[in-house]
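Overview (structure and organization)
Chain residues, written in single-letter form:
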Amino acid sequence: MSDPTETLRTALPPLAQSRLQSLRLADGRAVVVLDAGGLDALERERLEAAVKEALAGQPGVAEVRVALMADKVRRAIIAVGSGKGGVGKSTVSANLAIALARAGRKVGLVDADIYGPSQPRLLGSEGVKPQARGDKLVPVPNQWGVPLLSMGQLIEPGKAIAWRGPMAGNALGQLIDADWGDAEVLVVDLPPGTGDVQLTMLQRYKPTGAVIVSTPQDLALIDARRAIQLFEVGEVPVIGMVENMAGYQCPHCGELSDPFGQGGAEAAAGEMGLAFLGRVPLELAIRKASDAGTPPAAGEGAAADAFAALARRVGTWLDNRGGRG
């Protein structure tokens, strides 16, 4: 007499056979346990459907149940914050995410600036809406290899968002709790300041670490200190500070100037005992590339090198915390 489970085993598609952990048949119910390690959400969904289709209608099978077993992704959350707007925090967030991805990490980008989302423009994915899988949003892919979720993808272009704190907090939850697949790192572009979205982020999601962006000028540094204090109160480690718009080279004569001052963020980091993560120059090319949805970190040159150096320092910090994610 043949073994009914062996018959079911041979009926499985090849991928399911190679990942089979166990198969039981009792009272008309076939229970299949598969190793789903390394598969993204869509691949897991297709594998489950293929198994159910293969076993449905087999002799003695009235119901098919599939259990997909996989190691839980260890996902780091890197919050990118600033004390005030206009310091290039979103540009740094997008390019940090891309530079981390170019360094071999699996990265997702969350545009948590609920009231002023700009990441769809920076990553060249304006007008592309995310899909839903079950009760979760599916991040929008792009040519840079960094899937993105932003309120800018969910509302009409140019429409103002006039929400009170709880609604903004719920929106943040939809973005963070999305189906991020095997992403090891989420870079979260926070709104400027220290408001409701930041508090929700700290209380509900507890970032692994924070990167603070400031220009060299004193006014920006005063506000940056407030952002740092918020993370410290929330017991979130500050990875370090980035000095953005640091130095301008005239494209005509080559003369170097410092419209926003020089070295302020580095000096402030030293005073507070924080790491200085590097400088990003004030370049017309960065502004043009960002407006065109072609992030400088995805290319070559001085700007790309600056973001690559930033990603190396953040990556080293992550690795020293005990893993890639």
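A brief structural summary. (Residues numbered from 1 in each chain as written. Predicted model: local features only at pLDDT ≥ 70, side-chain atom pairs only at ≥ 80, totals over all residues. Heavy atoms only, no water.)

Concerning the pattern of salt bridges
Spelled out, the test is: A carboxyl oxygen of Asp or Glu within 4 Å of a side-chain nitrogen of Lys or Arg is what we treat as a salt bridge. Secondary structure elements are taken from DSSP: a helix is a run of H or I of four residues or more, a strand is a run of E of two residues or more, and numbering for both begins at the N terminus. A simple rule labels every residue: compare its accessible area, found with a 1.4 Å probe on the protein chains alone, to the largest value its type can have, and call it buried under 20%, exposed over 50%, or partly exposed in between.
Summed over the entire model, instances satisfying the criterion amount to 13 salt bridges. Between Glu-300 and Arg-102 there is a salt bridge, and its shortest N-O distance comes to 3.2 Å. With Glu-300 in the loop between helix 10 (284-291) and helix 11 (302-320) and Arg-102 in helix 4 (residues 89-102), the pair connects residues that are 198 residues apart, well separated along the chain. On the basis of relative accessibility, which here comes to 69%, the residue Glu-300 falls in the exposed class. Note on Arg-102: relative accessible area 48%, which makes it partly exposed.

Regarding the sheet that holds strand 8 (residues 148-150)
This is how it is decided: Only strands that DSSP links by at least two bridges are regarded as paired with each other. With axes taken as lines fitted to C-alpha atoms, and helix axes fitted only over the stretch in contact, angles between N-to-C directions fall between 0 and 180 degrees. In what follows, a contact means two residues having at least one pair of non-hydrogen atoms within 4.5 Å.
The seven strands are arranged 8-5-9-4-10-11-14 in an open sheet whose pairing can be described as parallel. Each edge of the sheet is formed by a strand with only one pairing partner; in this case those strands are strand 8 and strand 14 (276-280). Strand-to-strand twist in this sheet, taken as the mean axis angle between neighbours without regard to direction, amounts to 20°. This element, helix 11, spans strand 4 (76-81), strand 9 (185-189), strand 10 (209-214), strand 11 (238-244) and strand 14 of the sheet and lies at about 165° to strand 14.

Re the sheet that holds strand 3 (residues 63-69)
Spatially, three strands are ordered 1-2-3 in an open sheet, and the strand pairing comes out mixed. Pairing within the sheet leaves two strands with one partner each, and these edge strands are strand 1 (20-26) and strand 3. The mean angle between the axes of side-by-side strands here comes to 10°, regardless of whether they run parallel or antiparallel. Note: strand 2 (residues 29-35) against strand 3, seven bridges, orientation parallel. Bridged to Asp-35 within strand 3 is Met-69. Helix 1 (residues 4-11) contacts strand 1 and strand 2 of the sheet and is inclined by roughly 130° relative to strand 1. Sheet strands in contact with helix 3 (residues 41-55) are strand 2 and strand 3, and its direction is about 150° off that of strand 3.

Quick notes on helix 3
Keep this limit in mind: To estimate how far a helix should extend, the number of its residues minus one is multiplied by 1.5 Å. Think of the arc as the fan of directions from the helix axis to the C-beta atoms.
The end-to-end C-alpha distance of helix 3, which contains 15 residues, comes to 22 Å, matching closely the 21 Å that a straight helix rising 1.5 Å per residue would cover. All of the buried residues along helix 3 are Ala-41, Leu-47, Val-51, Ala-54 and Leu-55. The buried residues of helix 3 occupy an angular sector of 165° when projected down its axis, which confines them to one face. Summarising the geometry of helix 3, the exposed residues directed more than 90 degrees from the buried face are Arg-46 and Glu-53. In this structure, the buried side of helix 3 is in contact with helix 1, helix 2 (14-18), strand 2, strand 3 and strand 6 (131-133). Positioned one or two residues after helix 3, Gly-57 has a phi angle of 85°, which is positive.

Points about the packing of helix 4 against helix 11
In plain terms, the rule: Oblique is the label for every angle not falling under 35 degrees (roughly parallel), over 145 degrees (roughly antiparallel), or within 65 to 115 degrees (roughly perpendicular). Following the grouping adopted for this structure description, the nonpolar residues are Ala, Val, Leu, Ile, Met, Phe, Trp, Tyr, Cys and Pro, the charged ones are Asp, Glu, Lys and Arg, and the polar ones are all others, Gly among them.
Here helix 4 crosses helix 11 at 70°, and the two axes come no closer than 8 Å. When the interaxial angle is binned, helix 4 and helix 11 end up roughly perpendicular. Residue-level contacts link Val-92, Asn-95, Leu-96, Ala-99 and Leu-100 of helix 4 to Phe-307, Ala-308, Leu-310, Ala-311, Val-314 and Gly-315 of helix 11. Its residues assigned to classes, the contact of helix 4 with helix 11 shows nine nonpolar, two polar and no charged.

Things to note about the nonpolar core
The cut-off we apply is this: In this description, a nonpolar core means a group of buried Ala, Val, Leu, Ile, Met, Phe, Trp, Tyr and Cys residues linked to one another through side-chain atoms lying within 4.5 Å.
Formed by 37 residues in total, the largest nonpolar core has its most connected members in Val-110, Val-188, Met-201, Ile-212, Phe-231 and Met-241. Contributing elements (two or more residues each) for this core: strand 4, helix 6 (165-176), strand 9, helix 7 (196-205), strand 10, helix 8 (218-233), strand 11 and helix 9 (264-272). Examining the composition of this core, we find that six residues originate from one element, helix 8, more than from any other. The residues touching Val-188, leaving out its near neighbours within four places in the chain, are Ile-77, Ile-78, Ala-79, Val-80, Val-110, Ala-112, Ile-176 and Met-201. If you look at the next biggest cluster of nonpolar residues, it comprises 35 residues, including Ala-99, Leu-123, Val-187 and Ala-297.

Notes on unusual backbone geometry
Look at Asp-27: it is not a glycine, yet its phi comes out positive at around 55°. Following the sequence through the fold, Asp-27 ends up in the loop between strand 1 and strand 2. Among the residues examined, Asp-27 registers a relative accessible area of 85% and is labelled exposed. Although it is not a glycine, Lys-206 adopts a positive phi angle of roughly 40°. When you line up the elements, Lys-206 lands in the loop between helix 7 and strand 10.

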